[in-house]
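# Secondary and tertiary structure notes
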Amino acid sequence: MKKYIYILSAVALLTFGESCKKDSEFLDKQPTNTLDIEATWKDPNLVLSVIGDLYDRYPDFQRIESWWLFADFDEGFASAGGDYFRHQNLEYNYDSWNMWDYAYVRDLNNFIKKGEESTTLKQADKDRFLAEARFIRAGLYFEMVKRMGGVPLITEPLTYDFSGDPTYLQRPRAKETEVYDFVIAELEAIKGLLPNSATVQSRATKAAALAMESRAALYAGSIAKYSTSQLMLPNGEVGIPAALANAYFTKSLNAAKEIITDGKYSLYQKNPNLSENFASLFTDKGNNPEVIFVKDFKLKTNKVHGFTIDNQPRSSAEEAQGGRLNPSLNLVQSFEKLDNTYASFPITDGSGNPVYYTGITDIFAGRDARLAGTVILPGTLFKGNRVDIWAGYQLANGSIVTGDNFGQSKTDVLPGNPGSVQVVGGDGPVDGLEFSAQSGFYVRKYLDPAAGSGQIGTRSEVWWIRYRYAEVLLNAAEAAFQLGDLGAAAGYLKPVRDRAGLTTALTAADMTFDRIVHERKVELAFEGHELWDMKRWRLADKVWNGNNMSNADFINATNIGSATRTSTQVFGLWPYKYYNPGNANHNKYIFKVVKPSRVTAAHRFRLGNYYSLINQDIINRNPKIVRNPNQ
């Protein structure tokens, strides 16, 4: 039986005669939506079509096409009725985040084998295509190992002989360290076969291979350093010996340094407005020096997405859509002050009285510029429109006047004012009103500023960035820190923090594990790192510990910079206008910490969540597979 590989974009290239045929000839005819893999390797354009399909299947957990996945933990609130359940689950399922995609492995192995056997293509073309397939395969195994622990390592096509006995195809799980070693070794082997070009961003390059190597080695080193006996299996399918930690950290640092010293990439710094600059980093596809490897999208094709439609500010939306992903106060409060100190937002004075602000944005002044580049704050602009987030009026007697719909007006509700007045922002917040800013914020990162991007008929072509230069610097900083070189760690963080407007460089004495965790949290928010970082540091069960939270956790908080700070429920910060004619604070703003009413449970991450469940049907097909612990 011939083996075929599905090709989306090659269909238009192939035609087959449909004239009269014998029945036997009809049964032997190749289908028009598939291509014999051997024929593929005779034409570089066809190979490119196949590799394009393999890239398109590259797995991402959190991604720009699925905004709701960013509300699963503590970065954001899902302001959509069908997604409130994300804040009402006490425990994560053991099969959450699992992945066991050996159909994809098989297609990659078949592609590589046939490519190695091909004698038709130019050697340079052949080498690049094979290196790209090995890059994708390494990425797939990295995705599986960080979810499942050790998985069977299969690097050649497996063919069933129809004997009735499939046991020769059954492979046991490799050790977790063996899978990481395979990923790292593959990336080292292929980096020199890939283009060393910063202008190639949606295909594998030398820098993409090194960036993945740096990340994978950092993960392996962290698992080795922070694992306990509870998170290990006796034969190593889960867990990495602590003695291997430094070797992995060294590999991570060396891979990062190779990108840094090559000098082809740099931090994005085009706009003197540091917050706008940070936001533009994720949407600017023209000569962007920071981007290393992306999933790309293109207008007027079937490869566009609706992130902007789903999440644009509701009051100025281009369609009657938007407002779904609300960044949490948990995240917003993490952005430090420009003098390197952490502080909750001042909403009361030392006596418990409200702090009054003349401007609605004043409470956010003097913070890390990445805050306004990541989050749409009340009263700021998007696409030239003022985002209208305020929760109502507070009267002198402490009572609240508000509404239950976007921008609602009411008559004769303010003392001394019998007329009609708007009593809540055009973007809310209104508790329980989906698409309103129920946390007091909208997301900014990845929101497309182009006209039409919020329209269903246009949508957006903003890319999804998988690897970028700032992460490489953060990897280098963390690896250097773990190896005891605190001065180097501070040095790698400096350009990232300088771009954020932080005015005092960290010294070696300032470098702590808490600092490492904090910097990744604020730089990489909504980029798909949080779950995996918390897992590899073995912090997930400590931070998402099932304990309820209260407003007091955000008012005059003292442990904001702690890596183990509890963050099990998402909170918000709502602005109110103070109404008291004749008072010096009339029409100024006060703020209140709120827990949206749809947040009813505290997330609990159990020990059994560190490695996802291997489904029973997998074990039934292959009894050599051992289960993960604590499930």
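This section reports on the structure supplied with the text. Everything numeric here is computed off the predicted structure, so don't read it as measured data.

Reading guide: rules and limits
- Residues numbered from 1 in each chain as written.
- Predicted model: local features only at pLDDT ≥ 70, side-chain atom pairs only at ≥ 80, totals over all residues.
- Heavy atoms only, no water.
- Helix = DSSP H or I, 4+ residues; strand = E, 2+ residues; numbered from the N terminus.
- Rg over C-alpha atoms; globule rule 2.2 N^0.38 Å.
- Buried < 20%, exposed > 50% of the residue type's maximum accessible area, 1.4 Å probe, protein only.
- Contact = heavy atoms within 4.5 Å.
- Lys, Arg positive; Asp, Glu negative; His and termini not counted.
- Charge placed at Lys NZ, Arg CZ, Asp CG, Glu CD.
- Core = buried A, V, L, I, M, F, W, Y, C linked by side-chain atoms within 4.5 Å.
- Polar contact = N/O pair within 3.5 Å; in protein donor to acceptor, adjacent residues only side chain to side chain.
- Salt bridge = Lys/Arg side-chain N within 4 Å of Asp/Glu carboxyl O.
- Pairing = 2+ DSSP bridges.
- Phe/Tyr/Trp six-rings, centres within 6.5 Å; stacked < 30°, edge-to-face > 60°.
- Patch = residues over 30% accessible without salt bridge, like charges linked within 9 Å, V, L, I, M, F, W, Y side chains within 5 Å.
- Areas by Shrake-Rupley, 256 points an atom, 1.4 Å probe, with all protein chains shown as cover.
- Axes fitted to C-alpha atoms, helices over the stretch in contact; angles between N-to-C directions.
- Parallel < 35°, antiparallel > 145°, perpendicular 65-115°, else oblique.
- Nonpolar A, V, L, I, M, F, W, Y, C, P; charged D, E, K, R; others polar.
- Expected span 1.5 Å × (residues − 1).
- Left-handed = near helix turned anticlockwise from the far one by under 90°.

What follows deals with the overall build of the protein chain. The secondary structure content of the protein chain amounts to 18 helices and 16 strands. The C-alpha atoms of the protein chain give a radius of gyration of 27 Å, which matches the 25 Å a tight globule of 631 residues would have. With respect to the three principal axes, the spread of C-alpha positions in the protein chain is 90 × 65 × 50 Å. Put simply, the protein chain has 631 residues, and 55% of those count as buried. Considering only intrachain contacts with a sequence separation of at least 6, the fraction spanning at least 24 residues in the protein chain is 72%. Averaging the positions of the 70 positive and the 71 negative side-chain charges in the protein chain gives two centres separated by 1 Å.

Formed by 111 residues in total, the largest nonpolar core has its most connected members in Phe111, Phe135, Ile136, Tyr141, Phe142, Tyr180 and Ile292. Beyond its immediate chain neighbours, meaning those up to four positions away, Tyr180 contacts Phe142, Val145, Lys146, Ala216, Tyr219, Ala220, Ile223, Ile240 and Tyr248. Judged by nonpolar contacts, the second largest core, of 61 residues, contains Trp67, Tyr268, Val291 and Ala525.

By the secondary structure assignment, Arg367 is in the loop between helix 11 (329-332) and helix 12 (370-374). Of note is the side chain of Arg367, whose polar atom sits 2.8 Å from the backbone oxygen of Ala343. Excluding its chain neighbours within four sequence positions, the residues that come into contact with Arg367 are Gln333, Phe335, Glu336, Lys337, Leu338, Ala343, Ser344 and Phe345.

Tallied over the full model, the rule gives 43 salt bridges. Across the pair Glu117 and Lys113 runs a salt bridge, and its minimum N-O distance is 2.4 Å. With Glu117 and Lys113 both in helix 4 (residues 102-117), this residue pair falls four residues apart, about one helical turn. For Glu523, the salt bridge identified is with Arg468, shortest N-O distance 2.8 Å. Taken as a pair, Glu523 in helix 15 (residues 513-523) and Arg468 in strand 14 (residues 464-468) lie far apart in primary sequence, 55 residues in all. Each member of the pair, Glu523 as well as Arg468, is classed as buried. Salt bridges sharing partners connect three or more residues here, namely Glu290, Glu336, Asp368, Arg370, Lys445, Arg468, Arg497, Arg499, Arg515, Glu519, Glu523 and Glu527.

Here the focus is the pairing of strand 15 (residues 572-579). For strand 15, the buried fraction is high: eight of the eight residues fall into the buried class. On strand 15, burial covers both faces: Gly572, Trp574, Tyr576 and Tyr578 on one face and Leu573, Pro575, Lys577 and Tyr579 on the other are all buried. Sheet topology places strand 9 (residues 393-395) next to strand 15; three bridges connect them, and they run parallel. Counted as the bridge partner of Leu395 is Tyr579 from strand 15.

Looking now at the packing of aromatic side chains. According to the stated counting rule, one finds 37 aromatic pairs in the structure shown. Judged by centre distance (5.3 Å) and plane angle (80 degrees), the rings of Phe278 and Phe282 are edge-to-face. In this structure Phe282 comes out as buried when scored by relative accessible area, which is 0%. Look at Tyr393 and Tyr579: their rings are 6.0 Å apart centre to centre, the planes differ by 85 degrees, and that puts the pair in the edge-to-face class. Of the two residues, Tyr393 is situated in strand 9 and Tyr579 in strand 15; the sequence distance between them amounts to 186 residues.

As a further point, take a nonpolar patch on the surface. Together, Tyr160, Phe162 and Tyr168 give the surface a local cluster of nonpolar side chains, amounting to about 340 Å² of exposed area. Assignment of secondary structure puts Phe162 in the loop between helix 5 (123-148) and helix 6 (176-190). The exposed category is assigned to Phe162, whose relative accessible area is 68%.

Let us now look at the sheet that holds strand 10 (residues 400-401). Strands belonging to one sheet form pairs held by backbone hydrogen bonds; the direction of such a pair is parallel or antiparallel. A sheet is described by the order of its strands in space; here four strands give the open sequence 10-9-15-16, paired in mixed fashion. Whereas interior strands pair on both sides, the edge strands pair on one side only; in this sheet they are strand 10 and strand 16 (589-594). With two bridges joining them, strand 9 and strand 10 adopt antiparallel strand pairing. Along strand 10, the bridge assignment pairs Gln394 with Ile400.

Here we come to the packing of helix 3 (residues 44-56) against helix 5. Closest axis-to-axis distance for the helix 3/helix 5 pair is 11 Å, and the angle between their directions is 10 degrees. Taken together, the axis directions place helix 3 and helix 5 in an arrangement best described as roughly parallel. Here helix 3 contributes Pro44, Val47, Leu48, Ile51, Leu54 and Tyr55 to the contact with helix 5, which in turn contributes Phe129, Glu132, Ala133 and Ile136. Here the contact of helix 3 with helix 5 is composed, by residue class, of nine nonpolar, no polar and one charged.

A few words on the side chain of Thr568. Residue placement: Thr568 occurs in the loop between helix 17 (540-543) and strand 15. Within polar-contact distance, the side chain of Thr568 engages the backbone oxygen of Asn547 at 2.5 Å. Excluding residues within four positions of it along the chain, Thr568 makes contact with Val543, Trp544, Asn545, Gly546, Asn547, Asn548, Met549, Ala601, Ala602 and His603.

Further remarks concern helix 3. For helix 3, spanning 13 residues, the distance from its first C-alpha to its last is 18 Å, which sits close to the expected 18 Å at 1.5 Å a residue. If you check which residues of helix 3 are buried, you get Leu46, Val47, Ser49, Val50, Ile51, Asp53, Leu54 and Tyr55. The residue sitting at the N-terminus of helix 3 and contributing the capping side-chain oxygen is Asp43; that oxygen lies 2.8 Å from the backbone nitrogen of Asn45.

Take unusual backbone geometry next. Looking along the chain, the bond that leaves Gly428 and enters Pro429 is cis, with omega of 10 degrees. Residue placement: Pro429 occurs in the loop between strand 12 (420-422) and strand 13 (442-443). One non-glycine residue, Phe162, lies in the positive phi region at around 60 degrees.

Along the chain, Gly149 falls in the loop between helix 5 and helix 6. When the C-alpha atoms of Gly149 and Arg173 are compared, they prove to be 8.9 Å apart, with 24 residues separating the residues in sequence.

Once that is clear, we can look at the packing of helix 7 (residues 206-226) against helix 8 (residues 245-262). Close contact between helix 7 and helix 8 brings their axes to 7 Å; oriented N to C, the two are set at 160 degrees. On the basis of their axis angle, the class for helix 7 and helix 8 is roughly antiparallel. At the point where helix 7 passes helix 8, the crossing takes the left-handed sense. Within the contact of helix 7 with helix 8, the residues separate by chemical class into 13 nonpolar, four polar and five charged.

Okay, helix 9 (residues 274-281) next. Taken as a whole, helix 9 has its buried residues at Ser275, Asn277, Phe278, Ala279 and Leu281. In this structure, the buried side of helix 9 is in contact with helix 12, strand 14, helix 14 (486-499) and helix 15. The distance from a side-chain oxygen at the start of helix 9 to the backbone nitrogen of Ser275 is 3.2 Å, and the residue carrying that oxygen is Asn273.

Here the focus is the environment of Lys577. Relative to the helices and strands, Lys577 is located in strand 15. Residues Lys577 and Leu331, spaced 246 residues apart in sequence, show a C-alpha to C-alpha distance of 24 Å.

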